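The primary structure of each chain is shown beneath.
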Amino acid sequence: MLKAIRGTKDILPAEAGMWQKIEAYGRQIFSIYAYKEIRTPVIEEAALFIRSIGDATDIVQKEMYVFSDRGGRNIALRPEATASIVRAYLENTLGQNQAVTKLFYIGPMFRSERPQKGRQRQFHQLGVEAIGSDNPLLDVEVISLAVKFLEGLGAKEFNLKINSLGCKKDKLKIIEKYRAGIKPLLGSLCDECKERYNKNVLRVFDCKNPKCGEAVRDIRLKDPLCPECSAHFESVKKGLEGLGIKYETDSKIVRGLDYYTKTVFEITQKDLGAKDAVCAGGRYNDLIKDMGGQDTPAVGFAFGTERLIMAVKEDVSQSSPAMDVFIAVAGEGLDEKAFALMDTLRGKGILCDMDYEKKSLKAQMRKAQRLNARFAIIFGEEEFKGNKVALRDMEKGSQKEIEITDIVKEIKAR
Ligand code: ATP
Ligand code: MG
């Protein structure tokens, strides 16, 4: 028997209600903050991600699904959405008529990682991007939107950590200082981090190996930001405080993608264990220019939907809607009549179903109960001759005969 590919998961009907709820709430709250939906393709030219995320990052070096298509093109399954959205923004000149373009997305992402709890190869993200301004209020808006989204879903005990990597110049200096700080500790780092030290030293702080985290724990930089970036970061903090949003500053938040500048942040939740980041984001002020556009600052975040579901831990069984009407057939040759009535009811927005297995009336009524149907309509030979059916109220256990033509009115009325 064929099985789902390792690291992918079926979202079964029992869980789909929870997914619908989270996505519907995301659409609602993102829209309230004036973000509009964008849907970009799942496949892109691999070069898009290599250039934007950075060719020394884990995502590009180890996690990206890349293949050559039948035309010999180098294609990637998207590992994240920001690069695709920037491509779409530039290609479709979305910024033309507005200073700030605010977009949100919901969809699957792909990374070839070792599957474990909260880490899959096909996973899902909900995210926003605000493109066109360096105003720290926009950082505050994006961060507060992430917090409000989590709160609205009922998540508790989450932790917001923020940091600033500064502008391009600051970031280069930070990298140099960290290289100097880490150099004497190289012996206690894992082999991968030794490589990261050479290629991309900030990634050392992102290492999932606790020994590496321990080794670099006490490294601190003094005043790493230029006055402008420092003032920007102060404004972000002040803005968050103004909205009553609790945060911690943590200079070790560096993010695993190269394009970040200035504000970066992560939201973690302790119940998620080692894979505790439920949301991550930040500013990427140089990305759009680096990808051939005008100088256009931007900021955004992404939630991992699987981890969001773990963080809100709601009873998923409650979420699928119960049945309004179950139609039972107790006479010969009435199946088609019942089927036609069902079609009418569905046309009126009434959720109904019937049995397709020609089971006994008793078995059908048991099924109506199991499905938690509010009503059952019973087609019997005698009643049907008089153009009637029996309408049973499954909660009250009462039953009455009723003209078929009155059935919709009766159900709607009750
Ligand atoms: P991690 O540190 O867990 O590897 P990341 O830094 O690679 O996360 P981002 O690229 O910032 O993650 O993605 C944003 C969010 O997407 C993460 O905070 C997480 O919730 C989710 N996410 C990332 N990779 C996966 C995955 N393989 N499976 C499930 N969710 C994921
Ligand atoms: Mg990762």
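In this text, all values refer to a predicted model and were calculated from it rather than measured experimentally.

Analysis parameters
Residues numbered from 1 in each chain as written. Chains lettered and ligands numbered in written order. Predicted model: local features only at pLDDT ≥ 70, side-chain atom pairs only at ≥ 80, totals over all residues. Heavy atoms only, no water. Pairing = 2+ DSSP bridges. Helix = DSSP H or I, 4+ residues; strand = E, 2+ residues; numbered from the N terminus. Contact = heavy atoms within 4.5 Å. Axes fitted to C-alpha atoms, helices over the stretch in contact; angles between N-to-C directions. Parallel < 35°, antiparallel > 145°, perpendicular 65-115°, else oblique. Nonpolar A, V, L, I, M, F, W, Y, C, P; charged D, E, K, R; others polar. Salt bridge = Lys/Arg side-chain N within 4 Å of Asp/Glu carboxyl O. Buried < 20%, exposed > 50% of the residue type's maximum accessible area, 1.4 Å probe, protein only. Domains from an automatic or database assignment. Near = heavy atom within 4 Å. Polar contact = N/O pair within 3.5 Å; in protein donor to acceptor, adjacent residues only side chain to side chain. Areas by Shrake-Rupley, 256 points an atom, 1.4 Å probe, with all protein chains shown as cover.

Draft legend 1. Seen up close, the sheet that holds strand S7 (residues 158-164). Ordered by their spatial adjacency, eight strands build an open sheet running S1-S5-S6-S11-S10-S9-S7-S8, and the pairing between neighbours is mixed. The outermost strands of the open sheet, each flanked by one partner alone, are strand S1 (36-37) and strand S8 (248-249). Across 10 bridges, the pairing between strand S5 (residues 101-110) and strand S6 (residues 122-131) is antiparallel. The residue bridging Lys-102 from the neighbouring strand is Ala-130, located in S6. In the packing of helix H1 (residues 13-32) onto the sheet, contacts are made with S1, S5, S6 and strand S11 (298-304), and the angle to S6 comes to roughly 5 degrees. Its contacts with the sheet place helix H4 (residues 82-91) against S5 and S6, and it is angled at close to 45 degrees to S6.

Draft legend 2. Representation of the packing of helix H2 (residues 46-53) against H4 in the model. Two elements in contact, H2 and H4, have axes whose closest approach is 9 Å; the angle formed by their N-to-C orientations is 105 degrees. Classified by the angle between their axes, H2 and H4 sit roughly perpendicular to one another. Note on element contacts: H4 touches H2 through Ala-83, Ser-84 and Arg-87, opposite Leu-48, Phe-49 and Ser-52. Residue composition of the contact of H2 with H4, grouped by class: three nonpolar, two polar and one charged.

Draft legend 3. The arrangement of the pattern of salt bridges in detail. According to the stated counting rule, one finds 36 salt bridges in the structure shown. A salt bridge links Lys-270 to Glu-157, with the nearest nitrogen and oxygen atoms 2.6 Å apart. Of this pair, Lys-270 sits in the loop between strand S9 (261-269) and strand S10 (277-283) while Glu-157 sits in the loop between helix H5 (136-152) and S7; the two residues are 113 residues apart in sequence, bridging distant segments of the chain. Taking relative accessible area as the criterion, Lys-270 reaches 55% and is therefore assigned exposed. Note on Glu-157: relative accessible area 57%, which makes it exposed.

Draft legend 4. Structural view of the domain arrangement of the protein. According to the domain assignment, the protein consists of domain 1 (13-166 + 225-316), domain 2 (176-217) and domain 3 (321-413). Here domain 2 and domain 3 have C-alpha centroids that lie 68 Å from each other.

Draft legend 5. Representation of the site of ligand 1 in the model. Around ligand 1 lies a shell of 17 residues, among which Arg-111, Glu-113, Gln-120, Arg-255 and Ala-277 are the nearest. Measuring from an oxygen atom of ligand 1, one finds a side-chain N or O atom of Arg-119 at 3.0 Å. Separating a nitrogen atom of ligand 1 from a backbone N or O atom of Gln-120 is a distance of 2.9 Å. Here ligand 1 has 580 Å² of accessible area as a free molecule, and 91% of this is covered by the chains. Listing elements by their share of the shell around ligand 1, those giving two or more residues are S6, S10 and S11. Looking at the shell around ligand 1, the element that brings in the most residues is S10, giving four residues. Split into classes, the residues belonging to the shell around ligand 1 amount to seven nonpolar, four polar and six charged.

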